[in-house]
Amino acid sequence: LGEIEDSSSESIEDVQAFSFELIDAAGIDEESLTNLFLEDAKVQLIYQWIQNLVVKEMRTGVLLIPPPILTRAFSQIANGMVAFHDAVKLSDVPFPFPYAQMCDFLLLMHWLVVPWVVYPWVTSPIWAFVFCFMQVFILWSLNFIAVEIENPFGMDDNDLDGRDMQREFNKHL
């Protein structure tokens, strides 16, 4: 849903999330898919469709569920929407640019200054290199990891695998 929500693509075929395996992919007609594609609030539209479908099937007698259990089902669906909106907040709120630039500047300063600080404490240039390399490598690695996990909802190798998550969801249904 995150990829569908952030999609700025011109056609349905360009959005990879539309190729995910669904339990009943043929159950969504072309008009609904077109409406979904044109809608700005795609996830909210799907949420509304699910709620409307459950209420409609309750009225027709297809779903004979006691009201307390139905209330719990609606509550769980609403909890899913709350979790979705929390995830959207994580992906929409950018990391402050000045803070990121200052972190990079301080890492560069550390890289330049640490050899001058470490060398007087060791007896050999080899040890100075080892200690400097370890410090600089660890700090830069942590910085690059932070950059990767800043937005986990993309299509990079290190991002969350939406296709696998959909398959797992389908398996549990």
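Parameters at a glance
- Residues numbered from 1 in each chain as written.
- Predicted model: local features only at pLDDT ≥ 70, side-chain atom pairs only at ≥ 80, totals over all residues.
- Heavy atoms only, no water.
- 1 Å grid on protein atoms, 1.4 Å probe; cavity = no way out; pocket = protein on both sides within 12 Å on 5 of 7 lines; lining within 4 Å.
- Points joined across faces, edges and corners; volume = space filled by probe spheres on them.
- Helix = DSSP H or I, 4+ residues; strand = E, 2+ residues; numbered from the N terminus.
- Buried < 20%, exposed > 50% of the residue type's maximum accessible area, 1.4 Å probe, protein only.
- Arc of directions from axis to C-beta.
- Contact = heavy atoms within 4.5 Å.
- Polar contact = N/O pair within 3.5 Å; in protein donor to acceptor, adjacent residues only side chain to side chain.

**So, the layout of surface pockets**
Consideration 1: In this structure, the second largest pocket spans a volume of roughly 240 Å³.
Consideration 2: What lines the second largest pocket is simply Phe95, Tyr99, Ala100, Gln101, Cys103, Asp104, Asn143, Ala146, Val147 and Glu150.
Consideration 3: Those elements that place two or more of their residues in the lining of the second largest pocket are helix 5 (97–118) and helix 6 (125–149).
Consideration 4: The element best represented in the lining of the second largest pocket is helix 5, accounting for five residues.

**Let's talk about helix 2 (residues 30–38)**
Consideration 1: Within helix 2 the residues assigned to the buried category are Ser32, Leu36 and Phe37. Seen along its axis, helix 2 keeps its buried residues to an arc of 135°; they face one direction. Across from the buried face of helix 2, at angles greater than 90 degrees, the exposed residues are Glu30, Glu31 and Leu38.
Consideration 2: Taken together, the buried residues of helix 2 touch helix 3 (42–60).
Consideration 3: Its side-chain oxygen 3.3 Å from the backbone nitrogen of Glu31, Asp29 forms the N-cap of helix 2.

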